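# Examination of the molecular architecture
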Amino acid sequence: MTGNSETLRRLSLFAVTVIVVQAAFWFAVYQPLLATPPSGDLDRVELGNARIALLEVPSLEAAQGVAHAPVTLPHTLCCDPVYASLQMDFDLDAVPALGLGMLTYHQVDNMMVAVNGSILVAEGSLKFGRQTFQGQQGKVVRIPSGLLRTGSNTVAYVIVRDGYPYTDLYPPILAPIDQVQPWAARRLWQQGDYFLIAGWTTFLLGLFALLLVWRAENRLYAAWLAAVCFTWTGLAAYALVLDQPIGGTLRMVLFFALNSLLSAALLGFIDNWTGRPSRRLQLALIGSWLVFVLVSIFWLAYRPMPEGFDVPALIWTWYTTGLGAAVLARLGWHAVRSDETRLLEAALMSIVAVCIVLDAIGQHLGLNNGQYVVQAAPVLLFALVAAFVQRNFRLFQSTISLNTYLSAALQAREAELASARARESELARQQAHLEERRRIMRDMHDGLGSQLMGMLLAARRGKVDAAAMAEGLQSVIDEMRLMIDSMDSVGESLASALTTFQERARPLVERAGFALSWTTLLDTPLPDYPPRAVLQVFRILQEAVTNALKHSGGDRIEIQVAPEAEGGVRLSISDNGSGWTDDTAKSGHGLRNMQSRAAAIGGSLLSNRDAGRTTIVLILPDNAAGDRP
């Protein structure tokens, strides 16, 4: 029961929306803008004595030289190509000062209009095979007062029809010009400016849809929309381009092809609009339209008139009626199966379906001459685009809100990450301080502590002489200076650290009676190492020089900075002493400390001892980093 009630609710909402939108269109849009204006308010001048004659050539002179037969308007001639003359009379009690206006329309290819023997309209060509189609548009003909006379006046038409089998002649509307012009303005606007504006509008929409064919996910949707737009543009051109490079037969083929394609494309567009297009229906639409066009070409080109026209016209009537019914059925089925939220767009498409059906039966019932789709399509396309933009604008607003929410969430997350990084940095700093404290304590214990403890024990045993005590105290002072220097800033780059070390080490080395030689073999800038790695290099140099002063027994220390073969830097510290003894290497912590420091920054430390020389080599790779775990 719940499912049935939900379906009933959806259908009721759909039906109400369709009824409201249909009423709004027919009574608020179509009626004031597109419907034919009534002529009851005009002071019409009656025309009578209508008479007709067939002509050999389309000229006013030929029409004046032949007998005319009486005829009652409206009148239809059938079925061969024809030149004809139509004449009517009207009486005036007085000539209007501004003259008369005549709204004239006949179902002909082209025509010439004259009043009292003076030609007022003669546009284009009236010759068979080269005729133009100015007669397809209604026009207001102004009859100046100078051409009118009191009493009887004559209106004469010379007409041409070639291709379409029926020549339909209608009585013109004749009234004072100041009444006819404002009354006919809306009708002429519908046939001229409206088609021009709407044609360009649908053309631009078609270009937009054509671009969507290459970019949209649903390319068939965009393709059918482009077909609808360009077909209507073709219909506008059909009505506005009156000097066409085609004859009457091809013009009829074009008429059937465009009108049927508009109906078929609308159904294909609506089928894709539902979101569940039927592949069979899409193929059937394309195939049926091609078959209809081929059948129309055959009957129009190879069958006698009027049968050659009547059969395609009858097929077109049933074909478009079926398309209109299919549109209604497709929309109804979609409303039953889907919880459609695009009710306004669905209601607009139901108007399309009604227009298709009215066009199909309008030819036989005299309803607007089958022009409902042609007149309404631009308005409906504009409404569909407006509904689409409005729906997607709300989606765009929702997207903006979502983006704002996500942006705020991202900022909050970035703030959390920044806070976490700050905490991590603080922990790393504290860990570094703790490691530095441990190093200083280890150095004090292993270096200063052991030396002071050795001197204290020697003093208690009474085995201390002045020279040994002085040497021990000097060693302690050197160790303390080394520790103090290692805690001081050495600069942020390796180049500045080496400069600082050279400035500090030279006085110390020279006071100890050694000569210091410093050589740099680099022809490129030193690599950019992090401060922690630079500090470790500084300490290694300090310990290497201190060990040379304490244990080498020589008088010269050489330091060389050179490029490493595989990238990086090679630092060599050598002396000319007798070399370390095995006992010295085992008992001291300097070499182990230097190797540990080198490993901490990704480097390596090598030592070479021979009878006359001791060399410490520190190799730093390009990617030497801060202390490694």
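Everything below is about the structure printed above this text.
Below: a short report on this structure.

Reading the values: rules and limits
- Residues numbered from 1 in each chain as written.
- Predicted model: local features only at pLDDT ≥ 70, side-chain atom pairs only at ≥ 80, totals over all residues.
- Heavy atoms only, no water.
- Helix = DSSP H or I, 4+ residues; strand = E, 2+ residues; numbered from the N terminus.
- Expected span 1.5 Å × (residues − 1).
- Buried < 20%, exposed > 50% of the residue type's maximum accessible area, 1.4 Å probe, protein only.
- Pairing = 2+ DSSP bridges.
- Axes fitted to C-alpha atoms, helices over the stretch in contact; angles between N-to-C directions.
- Disulfide = S-S within 2.5 Å.
- Parallel < 35°, antiparallel > 145°, perpendicular 65-115°, else oblique.
- Left-handed = near helix turned anticlockwise from the far one by under 90°.
- Contact = heavy atoms within 4.5 Å.
- Nonpolar A, V, L, I, M, F, W, Y, C, P; charged D, E, K, R; others polar.
- Phe/Tyr/Trp six-rings, centres within 6.5 Å; stacked < 30°, edge-to-face > 60°.
- Salt bridge = Lys/Arg side-chain N within 4 Å of Asp/Glu carboxyl O.
- Core = buried A, V, L, I, M, F, W, Y, C linked by side-chain atoms within 4.5 Å.

What follows is about helix α7 (residues 279–302). With 24 residues, α7 ought to run about 34 Å at 1.5 Å a step, and its terminal C-alpha atoms sit 35 Å apart, in line with that. Inspection of α7 places Gln282, Leu285, Phe292, Val293, Ser296, Trp299 and Leu300 among the buried residues, and these make up the whole buried set.

Before going further, it helps to examine the sheet that holds strand β5 (residues 100–104). The antiparallel open sheet is built from three strands, whose spatial order is β8-β5-β11. Pairing within the sheet leaves two strands with one partner each, and these edge strands are β8 (139–143) and β11 (173–176). Strand-to-strand twist in this sheet, taken as the mean axis angle between neighbours without regard to direction, amounts to 25°. Here β5 runs beside β8; their pairing, made up of five bridges, is antiparallel. In the sheet register, Gly101 faces β8, and the bridge partner there is Arg142.

Let us now look at the state of the cysteines. Applying the stated criterion across every chain, the model contains one disulfide. The partner cysteine of Cys78 in its disulfide is Cys79, sulfur to sulfur 1.7 Å. Between Cys78 and Cys79, the disulfide has an S-S torsion of 95° and is therefore right-handed. A relative accessible area of 41% means that Cys78 is categorised as partly exposed.

Turning our attention to the environment of Ala512. In this structure, Ala512 sits in the loop between α12 (494–511) and β12 (515–520). Exposure remark for Ala512: the relative accessible area of 43% places this residue in the partly exposed category. Once the C-alpha coordinates of Ala512 and Lys550 are considered, the two residues, 38 residues apart in sequence, prove to be 9.4 Å apart.

Turning next to the packing of α7 against helix α8 (residues 307–337). In contact at an axis separation of 8 Å, α7 and α8 are set at 165° when each is read in the N-to-C sense. With respect to α8, the axis of α7 lies roughly antiparallel. The handedness of the crossing between α7 and α8 is left-handed. Across the interface between the two elements, Leu285, Ser288, Trp289, Phe292, Val295, Ser296, Trp299 and Leu300 of α7 pack against Glu307, Gly308, Phe309, Val311, Pro312, Ile315, Trp316, Tyr319 and Leu323 of α8. Classifying every residue of the contact of α7 with α8 by side-chain character gives 13 nonpolar, three polar and one charged.

Right, let's get into the packing of aromatic side chains. Under the counting rule described, the total for this entry stands at 17 aromatic pairs. Ring centres 6.2 Å apart and planes at 45° place the aromatic pair Tyr238 and Phe255 in the tilted group. On the criterion of sequence distance, the pair formed by Tyr238 in helix α5 (residues 219–240) and Phe255 in helix α6 (residues 248–273) is long-range, its members being 17 residues apart. Measuring from ring centre to ring centre gives 6.1 Å for Phe255 and Trp316, while their planes differ by 55°; the resulting arrangement is tilted. Of this pair, Phe255 sits in helix α6 while Trp316 sits in helix α8, placing them 61 residues apart in sequence. Both residues of the pair, Phe255 and Trp316, belong to the buried class.

What follows concerns the pattern of salt bridges. For the structure shown, the criterion picks out nine salt bridges. For Asp109, the salt bridge goes to Arg161, with nearest N and O atoms at 2.7 Å. With Asp109 in the loop between β5 and β6 (110–115) and Arg161 in strand β9 (residues 151–161), this pair connects stretches of sequence that are 52 residues apart. A salt bridge links Arg613 to Glu558; its shortest N-O distance comes to 2.8 Å. Taken together, the residues span a long stretch of sequence, with Arg613 in strand β16 (residues 613–620) and Glu558 in strand β13 (residues 556–563) at a distance of 55 residues. Judged by its relative accessible area of 30%, Arg613 is partly exposed. The structure contains a network of salt bridges with shared partners spanning Arg556, Glu558 and Arg613.

Let's shift gears to the environment of Ile540. With respect to the helices and strands, the residue Ile540 is situated in helix α13 (residues 531–551). Since its relative accessible area comes to 0%, Ile540 is described here as buried. Along the sequence, Ile540 and Leu605 sit 65 residues apart, while their C-alpha atoms lie 9.4 Å from each other. Once residues within four sequence positions are removed from consideration, Ile540 is found in contact with Met594, Arg597, Ala598, Leu605 and Leu618.

Running from N to C, α5 and α6 cross one another at 150°; their axes reach a closest spacing of 8 Å. Looking at the two axes, α5 sits roughly antiparallel to α6. Both α5 and α6 take part in a crossing whose hand is left-handed.

Note that the residue after Leu73, namely Pro74, is joined by a cis bond; omega there is 0°. For Pro74, the location among the structural elements is in the loop between β2 (69–70) and β3 (75–77). Following Met305, the chain continues into Pro306 via a peptide bond in cis, with omega recorded as 5°. Unlike most non-glycine residues, Asn49 shows phi in positive territory, near 55°. Mapped onto the fold, Asn49 is located in strand β1 (residues 48–55). Of note, the phi angle at Asn116 is positive, near 55°, even though the residue is not glycine. In this fold, Asn116 is placed in the loop between β6 and β7 (118–122).

Okay, the nonpolar core next. Residues Phe256 and Phe269 are the most contacted members of the largest nonpolar core, which totals 58 residues. Where this core is concerned, the elements lending two or more residues are α1 (2–33), α4 (193–215), α5, α6, α7, α8, α9 (343–365) and α10 (372–460). Counting residues per element, this core draws most heavily on α6, at 13 residues. Those residues in contact with Phe256, other than ones at most four positions away along the chain, are Phe292, Ser296, Leu300, Phe309, Pro312, Ala313 and Trp316. Of all hydrophobic cores here, the second largest spans 35 residues; its members include Val509, Ile557, Ile601 and Leu618.

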